[in-house]
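Structural overview for review
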Amino acid sequence: MHGRVATMSVSEIMLRNPTSCLVAVLVCTSFMATRTTAQDPFGGGSDPFGGTADASPLDTNDTSAKPEKPKDDGETDPVILAIRKSNPTTAIQLGRAIRNVINLGRPDEAKKYMAQLLGSNPDDGTLVELHRELGSAIFIRMSRDTRFAPEGPKLSQAVLDAAYAAAHEPAHIESLIEKLSDPDVAIRHTALVDLRAGGTDSVVALIGVLSDSSRSSEHQVVRQTLVNLKELSVGPMVGALETRDESLLPQVIVVLSRLNASQVTPHLLRPYFTTESDSLIHRAAEYGLKKLLGVLPDRFEAERYLANQTREYLDGKLMGRLDYEDMITFWSWDVAKNLPVERRYPGATASLMMATRLASDLYAIAPDNIDHQRLYLTAVLESSKRTVGLDQPLPTGDGTAHAAAAALEAAAIADVLPYALSQGRTAAATGALEVLREIGDTALLQSQSGQSSTLALCLKHPDRRVRFAAVETIMKLNPTEPFAGSSYLAEALGYFASTIGSRRVLVAHPRTDQAQTLVGMLNQLGFEADTAQTGREMLRLSVQYPDYEFFLVSDAVDHPAVGELIQQLRRDPRTAAIPIGLMARQEQFQQMERLTEFDPLAETFPRPHDVVGISLAVRRLLARSGDDLPAFDERMAQATVALDHIARLVEQSPKYSFYDLLRIEPAIEQALNTPQLNNRAAHVLGLFGTPSAQRLLTTLASQNSRRLSDRKAAAEAFKQAVSRRGLLLARADIELQYDRYNQSRVMDRETQAVLGSLLDAIELPTRQSSDEGDESAAAAD
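The notes below deal with the structure included here. What you see is a predicted model; the values in this text were computed from it and never measured. (Residues numbered from 1 in each chain as written. Predicted model: local features only at pLDDT ≥ 70, side-chain atom pairs only at ≥ 80, totals over all residues. Heavy atoms only, no water.)

**Describing the pattern of salt bridges**
Taken as a whole, this structure holds 40 salt bridges when the rule is applied. A salt bridge links Glu109 to Arg106; its shortest N-O distance comes to 4.0 Å. Judged on exposure class, the residue Glu109 and its partner Arg106 are both buried. Arg635 is paired through a salt bridge with Glu549; the nearest N and O atoms lie 3.6 Å apart. Note that Arg635 is positioned in helix α32 (residues 632–651) and Glu549 in strand β5 (residues 548–554), a separation of 86 residues in sequence. Each member of the pair, Arg635 as well as Glu549, is classed as buried. (Salt bridge = Lys/Arg side-chain N within 4 Å of Asp/Glu carboxyl O. Buried < 20%, exposed > 50% of the residue type's maximum accessible area, 1.4 Å probe, protein only. Helix = DSSP H or I, 4+ residues; strand = E, 2+ residues; numbered from the N terminus.)

Set out below in structure tokens:
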């Protein structure tokens, strides 16, 4: 059979299989035709794909370097045989061969040519020409169809990457822009098509031309090109609306208006209402509003519209579709580059960015309206804090939110603080406190009504970052006189200093065995856990440590019952923002679900029975707090700063006597057990110098299991305590210390030295008295 087909004439083949064989004849005819047309002026002939065997980049004087023709493997398809006979060798020839055999449904044959093409190591220029010849579709198909693996995906990636890089090359884009003014229509059309391949990079380059006054002769054709690029132009052009270039802005407005980009409507209100009626910007904005709305809005309508839109975006309205990573591309104007730039943000952050842009327009239209100013500051501070990171301070310098807010009086920032708190904008409140730290004064702590000021009340706010920002602000303002709420500062400092230094969970369950099972599973997830059997015990433990990341509560807890327990946890500022997981039995599930239905930080779920179950529950609970829950490193940094503030206040205790700092001594004592805080806590206890502090310091310094550096720090702090307050150890404690020293003769020298320094400090008052007595006696003589 095979031999007979191989000897058939073309006419016989067509009679038996006219469709496929007609293709074969056309392919063969095409090959022969191209070989007899264009002649190389240097004596070489061309092949069907634009080259010859003699012109192949693989040709050398060594004939062994030439690719071998595919061997006869019994192939019967006349088209395949014809393609093989043509012996494709150049990249373009191989690319066409690949396309033809793919269209024939022969991935096996296509892979041979793909391997041959990859083996020739084509450069980027060759890959770009290959893409221009075949287009993107075939390479996308090759990358996705597993039948072409591994050669297909490898070749596709190389071609598409090279084509993308070439299309986005600035010099290439600039050359295309120059061709837009060519008198030849075909050249202009090709340039437009190629600019579209450059994507938004082409649009940004075209906007750069519009901003260049020296190229004004090109502006008309560039504006028309931007319109012809349609939706591709919208994003960068919207970003360009933020420019303050008075020659560029009207051109941007006109282009967007001609594109019928309805999303640009709110951004036209500012240039319309804030510019002179005879200015080009005003006339462009008027043209755009009429084209997009059909009518011109009045000022009141514009302000109300912008205010409503700002609030909606602050509340989470999305400004567009989320991509596969739940991100949105946001275009804005880069002053330094004088061009629009794109950045990708999470959907919520992009909404805040849009709220800031609209609020800025609103404030520019009505700068004397206090409500608009308040909304503007809230949007700017909230957006900036969440963009830079809640654990990071506001950036400073020209063009930042900090600079914009600081340009206003402290009274304006103090006014926005309670508004932001009332709206639940804790990030904006934190940002406002950071600004007040720099431009405010102690008047912020005074209140005519005798009630605590908003700044002082922030020391008791449920949000941990708001509390810490308030601490930092008050310490920077440095009040030296009592103020309403001054006791809150000491409480807050003690709260932050008592960090344990680990991820911690509180489990409330009436059955000890089940509580311990939950603790074991939480340990496997990296959490340390405390347990409580009653609601009363849980309330006590919940405020003992500031490190709890969430609570797990059984529906069987009583004294008080779980419903009252949750309410009390939410009323206490220290626990109000901590997520609560309510573990419910099947028969109680619906009833318990009603308790958490309207609490955004609480969730009801069946009691977990394995690590997988509790892992899912933990993930859901932590997701409810999101970025609002400070991580371990941030909590540790807050504790370090808090201890430094306490040390400063205690060192100058006469100046700050209105702070009752001794009440937070237990929190400092707790910090002694945290390795990262040990030395600072010891120093603060040495400044306190109380009997309890002295006893703890001698105990810590005498513990051989502690690090030597920690023991030395405790010994030094004890010496400081005795020097400041005198020796306040009980007789039994003193005797114990001597016993410890006597027993240390078999220990290392470092331990002996530490214990010896403790005895030196204990004997210090006696030596001082003896020295004073000797001096008195000498004076009497």
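**What to know about the sheet that holds strand β6 (residues 580–584)**
A sheet is described by the order of its strands in space; here five strands give the open sequence β4-β3-β5-β6-β7, paired in parallel fashion. Single-partner strands in this sheet number two, and they are β4 (528–532) and β7 (602–606). In this sheet, neighbouring strand axes are inclined to one another by 20 degrees on average, regardless of whether the strands run parallel or antiparallel. Here β6 pairs with β7 via five bridges, running parallel. Across the sheet, residue Ile580 finds its bridge partner in β7, namely Ala602. (Pairing = 2+ DSSP bridges. Axes fitted to C-alpha atoms, helices over the stretch in contact; angles between N-to-C directions.)

**A look at unusual backbone geometry**
Residue Ala149 is joined to Pro150 through a cis peptide bond whose omega torsion reads 0 degrees. Position of Pro150 relative to the elements: it lies in the loop between α8 (137–144) and α9 (151–167). With an omega of -5 degrees, the peptide bond between His559 and Pro560 qualifies as cis. Here Pro560 is to be found in the loop between β5 and α29 (562–571). Despite not being glycine, Asn260 has its phi angle at roughly 55 degrees, a positive value.

**Points about the environment of Gln703**
In this fold, Gln703 is placed in the loop between α35 (691–701) and α36 (708–725). With 37 residues separating them along the chain, Gln703 and Arg740 place their C-alpha atoms 10.0 Å apart.

**Brief notes about the pairing of strand β2 (residues 339–346)**
Strand direction decides the pairing type here: strand β1 (residues 327–334) and β2, joined by eight bridges, are antiparallel. Note that in β2 the partner of Trp333 across the bridge is Pro340. The turn joining β1 and β2, which pair antiparallel and follow one another in sequence, is formed by four residues; a positive phi near 60 degrees is taken by Asn338.

Without other data, these values stay purely geometric and don't point to any function.
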